[in-house]
Amino acid sequence: MKKVFVSFLILAAVSCKKNPEKFVNDISDSTQKDQASSPASKEKVLKKEESLKKNNEAVIQLLHDKNYRRLAGYIHPEKGVRFSMYAYVNPEEDKVFSASDFLKYLPAKTLFTWGAMDGSGDLYRATLNRYLSDWVYAKDFTAAQVSLDEFQGKGNSLNNLKQVYPKADFTENFIKGSAGNSEMDWKCLRLVFEEFQGKYYLVGIINDQWTI
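Remember, it's a predicted structure, so these values are computed and weren't measured experimentally. (Residues numbered from 1 in each chain as written. Predicted model: local features only at pLDDT ≥ 70, side-chain atom pairs only at ≥ 80, totals over all residues. Heavy atoms only, no water.)

### A short note on the sheet that holds strand 5 (residues 145–148)
Strand pairs in the sheet, formed through backbone hydrogen bonds, run parallel or antiparallel to each other.
Phase 1: An order of 2-1-8-7-6-5 is seen for the six strands of this open sheet, with the pairing classed as mixed. Only two strands of the sheet have a single partner each, and these edge strands are strand 2 (95–97) and strand 5. Pairs of neighbouring strands in the sheet enclose a mean axial angle of 20°, with direction left out of account.
Phase 2: The sheet contact formed by strand 1 (residues 81–84) and strand 2 spans three bridges and is antiparallel. By the bridge assignment, Val81 is partnered in strand 2 with Phe97.
Phase 3: Contacting strand 5, strand 6 (169–175), strand 7 (187–196) and strand 8 (199–209), helix 3 (residues 39–65) crosses the sheet at an angle of about 125° to strand 7. (Pairing = 2+ DSSP bridges. Helix = DSSP H or I, 4+ residues; strand = E, 2+ residues; numbered from the N terminus. Axes fitted to C-alpha atoms, helices over the stretch in contact; angles between N-to-C directions. Contact = heavy atoms within 4.5 Å.)

### Some words on the side chain of Asn56
Phase 1: With respect to the secondary-structure elements, Asn56 resides in helix 3.
Phase 2: Here Asn56 falls in the buried class, since its relative accessible area comes to 0%.
Phase 3: If we skip the residues at most four places from it in the chain, Asn56 touches Val146, Thr171, Asn173, Leu191 and Phe193. (Buried < 20%, exposed > 50% of the residue type's maximum accessible area, 1.4 Å probe, protein only.)

### Quick notes on the pairing of strand 6
On a regular strand, one side chain projects to one face of the sheet and the next to the other, so that they alternate.
Phase 1: Counting buried residues in strand 6 gives seven out of seven residues, a clear majority hidden from the surface.
Phase 2: The two faces of strand 6 match: Asp169, Thr171, Asn173 and Ile175 on one face and Phe170, Glu172 and Phe174 on the other face are all buried.
Phase 3: The pairing of strand 5 with strand 6 spans four bridges and is antiparallel. Each bridged residue has a counterpart across the sheet, and for Ser147 the counterpart in strand 6 is Glu172.

### Structural notes on the side chain of Lys53
Phase 1: One can find Lys53 in helix 3.
Phase 2: Ignoring anything within four residues of it in the chain, the contact list for Lys53 reads Phe23, Asp26 and Leu148.

### Brief notes about the pattern of salt bridges
Phase 1: Considering all chains together, one arrives at eight salt bridges under this definition.
Phase 2: Measuring nitrogen to oxygen at the nearest pair gives 3.5 Å for the salt bridge that ties Lys47 to Glu43. In this pair, Lys47 and Glu43 both sit in helix 3, four residues apart, roughly one turn of the helix.
Phase 3: Under the relative-accessibility criterion, Lys47 is labelled exposed at 53%.
Phase 4: The shortest N-O distance in the salt bridge between Glu194 and Lys79 comes to 2.5 Å. Placement of the pair is Glu194 in strand 7 and Lys79 in the loop between helix 4 (68–71) and strand 1, with a sequence separation of 115 residues. (Salt bridge = Lys/Arg side-chain N within 4 Å of Asp/Glu carboxyl O.)

### Side note on the confidence of the model for the chain
Phase 1: Mean pLDDT over the chain stands at 87; residues scoring 70 or higher make up 85%.
Phase 2: For the stretch residues 1–20, pLDDT sits under 50, and the model shows one contact to residues farther than four places along the chain or on other chains. (pLDDT = per-residue confidence, 0-100.)

### Topic: helix 3
Phase 1: Between the first and last C-alpha of helix 3 there are 39 Å, a value that for 27 residues agrees with the 39 Å anticipated at 1.5 Å per step.
Phase 2: Those residues of helix 3 that sit buried are Val45, Glu49, Leu52, Lys53, Asn55, Asn56, Val59, Ile60, Leu62 and Leu63.
Phase 3: Lys66 sits one or two residues past helix 3 and shows a positive phi near 55°. (Expected span 1.5 Å × (residues − 1).)

Spelled out as structure tokens, the structure:
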């Protein structure tokens, strides 16, 4: 009986390692530490946190399923959504789509220039559909660890998310790099949300990875 119990404990420990907590932090942590915060403000932060988590999981699943038409429903009604190939957001050159334009170009063969490839400097040109499948969702981010308003992936490229989106919240879906590559082959997908009429909508989709 003792051996069975010990085996159960070992199995439980292994299972925990294989299934880490998906969300690695909470935006409510700082609020909970602030004793001066009112119950109403704490509740507001918790609701916001829950909304961001649900939106993140929904968007990631839609990207995984290539259900891009439904994804359009998460695009900000007034600001649209901006796509950034790397951590540095370039408001002057990054592509921005309204929900209607997003739906318009999904089936189109129109080629867009999304940015320059790290290392070679070659321009990356692709249709909207191909960019979503080949670049935005280059990894299975359903298996990623998620942080709220906190960066996990830290490379050597300039990360100006908070400067470009000072009033927004973001989630980061992070996939750790492999030991064989000194963990430098990590990738992450950041989803930037802003509130509009009581709901959170996508204003930015940012990819990041180690750059030269």
